[in-house]
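Results of the structural survey
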Amino acid sequence: MDAQGRGRADDIDPADQWVLNPSTGEYELRLTPSAPQSAVPGPRRAASRAGAAARATAAKAGGADGAVRNRTAAPETRPAPGREVPPQRRRRGVPEEPLPGRRSRRPVKKKSKAKKAVLWTGGIMAFVVVAAAAGAYLYIEHLNDNITSVSDDGASTGGFSKDKAINILLIGTDKRTGAGNEKYGDKDSPGHADTTILLHVSKDRSNATALSIPRDLIVDIPDCPTQQEDGTQKIIPGETGERFNTSLGQEGRTPSCTARTVTELTGIKPDNFMVADFNAVKTLTTAVGGVEVCLGKNIDDPDSHLKLSEGKHVIAGEQALAFVRTRHSVGFGGDLSRIGLQQQFLSALMRKLKSNDTLSSPSKMIKLAEAGTKALTVDSQLDSIDKLKDLGLELGKLNTKNLTFTTVPVIDNPAEKVKATVVLNKATAPEVFQAIQNDVSFTAVKQQKKEEAAAVAARLKGTKADPSEVRVQVFNGGAPAGSAQETLTWLQTEEGVTKSENAGNAPATLAKTTLEYAPDQADQARRLAAIMGLSGSALKPGKSVTNSQGLPTMTLTLGKDFKGAGVSLTAPTKAPDVEKSTADKVECAK
């Protein structure tokens, strides 16, 4: 009987008759019982050629004879009580059969190549994400290092707020630092406030106004506390009747002094300021791949070095700088004409910044981040990439069609025979400043719900009592000292409101003047509102109080907005009709 037949007859797998010879390190065929083996077999090595040949010979010898024998079932044997017989080892390549009464174990599957690839890729991606996060952090630190900041010297509000209207002062200086800029002349200039824009963004971010301030406007420059390089503070004396552009650079004045001058001029205190030089125009326009501008005629300006034909052009770098500096070849050839050109340029830049072409291009965004952080000098309240990012997110909520560009209304200086400077147009400039102070849009954006506006306006409609029948107590709730008595005297002697009295200081300070009254005093309230120029929103339906005679009376509280007896307190609900343009429209310079 051959080896294979013997294995079949005795329920022994022939493969188990090949055992490892520890002397040779090879497997050998043993037909007699071998010595007991270790319970834990070691790893098998590949059989030698001799062993392989012997197995092949045994397999052939087993032939048909062995197959016939295997058709006869071996007699069933049962183990003795208390003993268990190890199960028969299965042949190589033959699936293991489950033992009676036991569930088979699920075979362990090898991981497919696809799954291995997924796991490997996942590991790589995890590494990439971590590396990218580290890289982003390092890049943000790099951008932070790019930022130049100067002290605001207390001239700002302390920084913009996300839940309030925002006022940012943008200052373009004519300082000639940077490669190639010395050719524009006056290379030793400390830099003036050459182009200044007060950007007001409404509280609800639905609209914004960019107010240009002419550099040749005659203004009063206030005293300016200014931080020096050694950390000490120096007060730079103010001056009256000077050009606005001297609020920066002259006498050691810093951007904070320009901010104070803007507050003095407009009554609006900037939240932050930014300063850009010639390089900013060149690098920012290059970073976004140029901006499109339009000319209504050919321009060849030897002073600014701009030479462009009539029509549309995409400009960047040196050509963009020449465009914003051109004045002799447009309009009347003065600074006011150049302001219009600059507003057109900024509108084009704004459109390009918000376009998909820019926002969807990582390379342009990185270039823009580099250019912006290198080119701008910001105040000390805006000195990190996180703060700039937050400001950018707020400005990003704005639709360009609701960004209005306009200029401080001015007239030629009447004191000059040769017109070189301008002065405020006192008829319209205060209205512009007040509209911005009151967050009134210069576009058609609704500032209030129609129902709410109608209800407020309705308070002023109806019959009005005779002035002699108006009873009112006057409180001072934030107005200058003596305002209550001043108003009382004016009401009694000039307006016939004789049933009025001075109630002293109010228990709380109010930003705006209010008039509270009971429902049966509405006609008196309408009369007093007409006399004082109170708006419907200043009228507060409520309850009356008792005056010194024991009679019901209204309560007038003068707030911080009080300008003096006889000065109307009605804030504009519509922006004044001044020359303006919006950022969504392309206009050709003429």
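This is a predicted model, so every value here is computed, not measured. In this convention, every chain numbers its residues from 1, walking through the sequence in written order. Reporting in this predicted model follows two pLDDT cut-offs: at least 70 for local features of residues, and 80 or more for side-chain atom pairs to be given and counted; totals over whole chains, interfaces and linings ignore these cut-offs and use all residues. Think of the side-chain values as coming from all heavy atoms in the structure, minus any hydrogens and water.

**Notes on the pairing of strand S6 (residues 208-213)**
Residue exposure (1.4 Å probe, protein chains only): buried if accessible area is under 20% of the type maximum, exposed if over 50%, otherwise partly exposed. Runs of E in the DSSP output that reach at least two residues are strands. Runs of H or I that reach at least four are helices, and both are numbered from the N terminus. Among the 6 residues of S6, 6 are classified as buried, and the element is accordingly described as predominantly covered. Both faces of S6 are covered, namely the face carrying Ala208, Ala210 and Ser212 and the face carrying Thr209, Leu211 and Ile213. When DSSP finds at least two bridges between two strands, those strands are taken to pair. The pairing of strand S5 (residues 193-201) with S6 spans 6 bridges and is classified as antiparallel. Each residue of the ladder has a partner; that of Ile197, found in S6, is Ser212. Where S5 hands over to S6, the hairpin turn is made up of 6 residues, of which Arg205 adopts a positive phi near 60°.

**Digging into the state of the cysteines**
By definition, disulfides here are pairs of cysteine sulfur atoms that lie within 2.5 Å. Inspection of every chain in the model, using the stated rule, returns 1 disulfide. Note on cysteine connectivity: Cys224 is disulfide-linked to Cys257, with sulfurs 2.0 Å apart. Every disulfide takes its handedness from the sign of the S-S torsion; for Cys224 and Cys257 that torsion is 65°, giving right-handed. A residue pair is termed long-range when its members are at least 10 positions apart, and Cys224 in strand S8 (residues 224-227) and Cys257 in helix H4 (residues 255-266) qualify at 33 residues.

**With respect to helix H13 (residues 483-494)**
Between its first and last C-alpha atoms H13 spans 16 Å; for 12 residues at 1.5 Å apiece the expected length is 16 Å, and the two agree. When we look at burial in H13, the residues that qualify are Ser483, Ala484, Thr487, Leu488, Trp490 and Leu491. Summarising the axial view, the buried residues of H13 lie within an arc of 165°, below the 170-degree limit, and thus occupy one face. Exposed residues pointing more than 90 degrees away from the buried face of H13 are listed as Thr493 and Glu494. Where H13 is buried, its residues meet strand S20 (471-476), strand S21 (499-505), helix H14 (522-532) and strand S25 (552-558). After H13 finishes, the residue Gly496 shows a positive phi value of roughly 75°. Here the expected span of a helix is defined as 1.5 Å times the quantity of residues minus one. The directions considered for the arc run from the helix axis to the C-beta atoms. Here, residues are in contact when the closest pair of their heavy atoms is within 4.5 Å.

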